[in-house]
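# Observations on the three-dimensional arrangement
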Amino acid sequence: IAFAQRIHLKLADFDPESSIPSVAANRSVSAYDPFEPMHFIVQLRGPKQLTDDAFLDKLGVRIAAYVPDNAWVVEGYAADLPALQSWNRSRWTSVFQSAFKLSPELARENFKSTERIAELFSGQHRATITLFDGKVPEGIISRANETGVEILDVSKEGPRWLLEVRGALESIKKLAKIEDVAFIEPASEASFRNDVTCWVVQSNIFGSTPIWAKGIHGEGQVAGLIDGALYKAHDVFRDPNNGNIPGPTHRKLIAYFSSSGQNGGDTHGTH
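A brief look at the structure comes next. Everything quoted here is computed from the prediction, not taken from an experiment.

How each quantity is defined
Residues numbered from 1 in each chain as written. Predicted model: local features only at pLDDT ≥ 70, side-chain atom pairs only at ≥ 80, totals over all residues. Heavy atoms only, no water. Core = buried A, V, L, I, M, F, W, Y, C linked by side-chain atoms within 4.5 Å. Buried < 20%, exposed > 50% of the residue type's maximum accessible area, 1.4 Å probe, protein only. Contact = heavy atoms within 4.5 Å. Pairing = 2+ DSSP bridges. Helix = DSSP H or I, 4+ residues; strand = E, 2+ residues; numbered from the N terminus. Axes fitted to C-alpha atoms, helices over the stretch in contact; angles between N-to-C directions. 1 Å grid on protein atoms, 1.4 Å probe; cavity = no way out; pocket = protein on both sides within 12 Å on 5 of 7 lines; lining within 4 Å. Points joined across faces, edges and corners; volume = space filled by probe spheres on them. Nonpolar A, V, L, I, M, F, W, Y, C, P; charged D, E, K, R; others polar.

### Considerations on the nonpolar core
Ile-129, Val-165, Leu-175, Val-181 and Ile-184 are the most contacted members of the largest nonpolar core, which has 17 residues in total. Ignoring sequence-local partners within four residues, the contact set of Val-181 consists of Lys-101, Ile-129, Thr-130, Leu-131, Phe-132, Ile-140, Leu-175 and Ala-176. Within the second largest apolar cluster, 14 residues are counted, among which are Leu-9, Ile-41, Phe-96 and Phe-100.

### Regarding the sheet that holds strand 7 (residues 125-131)
Spatially, 4 strands are ordered 8-9-7-10 in an open sheet, and the strand pairing comes out antiparallel. Only two strands of the sheet have a single partner each, and these edge strands are strand 8 (150-157) and strand 10 (181-186). Each neighbouring strand pair of the sheet contributes to a mean axis angle of 20 degrees, computed without reference to strand direction. On the sheet, helix 4 (residues 138-146) packs against strand 7, strand 8, strand 9 (160-167) and strand 10 and is oriented at approximately 165 degrees with respect to strand 8.

### Brief notes about the sheet that holds strand 3 (residues 38-44)
Pairing within the open sheet is antiparallel, and its 4 strands lie in the order 4-5-3-6. Sheet topology places strand 4 (62-67) and strand 6 (90-95) at the edges, where each strand pairs with a single neighbour. Ignoring which end each strand starts from, the neighbouring axes of this sheet average 25 degrees apart. Note that strand 3 and strand 6 share 5 bridges and pair antiparallel. Looking across to strand 6, one finds that Gln-43 is bridged to Trp-92.

### Observations concerning the layout of surface pockets
Taken as a whole, the largest pocket spans an internal volume of roughly 900 Å³. Along the walls of the largest pocket sit 24 residues, with Ala-223, Gly-224, Leu-225, Leu-253 and Ala-255 positioned nearest its centre. Counted by class, the lining of the largest pocket contains 12 nonpolar, 9 polar and 3 charged residues.

### A short note on the environment of Ser-188
Positionally, Ser-188 belongs in the loop between strand 10 and helix 6 (210-213). Taking relative accessible area as the criterion, Ser-188 reaches 66% and is therefore assigned exposed. In this structure the C-alpha to C-alpha distance between Ser-188 and Asn-145, which are 43 residues apart in sequence, comes to 22 Å.

So this is what it looks like as structure tokens:
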């Protein structure tokens, strides 16, 4: 059985030894600055080995992301491309084109909220831009401002930064040419679901809430939680009457312990 012959991108699913997806000229990388880092996609022959890491380290190439099947996006310089292409472990190596970073859904948004629908009618699109791990957002923000793309939100998820932007679709797509950008997709549409899913954890039977039926709603009860840090200034937790310090007098947080400090961590525990 052949091992990992196909590459699965949002743009296309293909075997590079049989066919390669065509890329429009305005979505391809054709000019290389020899002094600036750039990204390549490398599919290996057979499972990845420690010697592969050693080769890339010696070449000075950094692994940036995994691509199924058995392929990696790596960061190096234009001068590294011939060595990667002639490497006996490489099944296929190519420049990581900006077209590879664009979700096909960018042209097929289907929203329900009046706000998002109105934006589309006015020619405005919202997108989420994910950067490669370790890259910082300042350069993207500057380029977006130059092209009239509005920055709505900047947040960090683990080792990578995410930006939510709004602007003309073509202007947003042009940001894929920035090397630090890993992927661009439509920004998700927020919707309320808690009011119609309360039965899931109580019975997993639609509409059945046996815990509430027994009069158990949470009043006068203490819950223990193990998770990431808590954003104590959130409206449902904040107590302005005691300096918002957890303890017996706090209206919500009777105790709080954290290995990352009272205000450290990723605030996932707020959920």
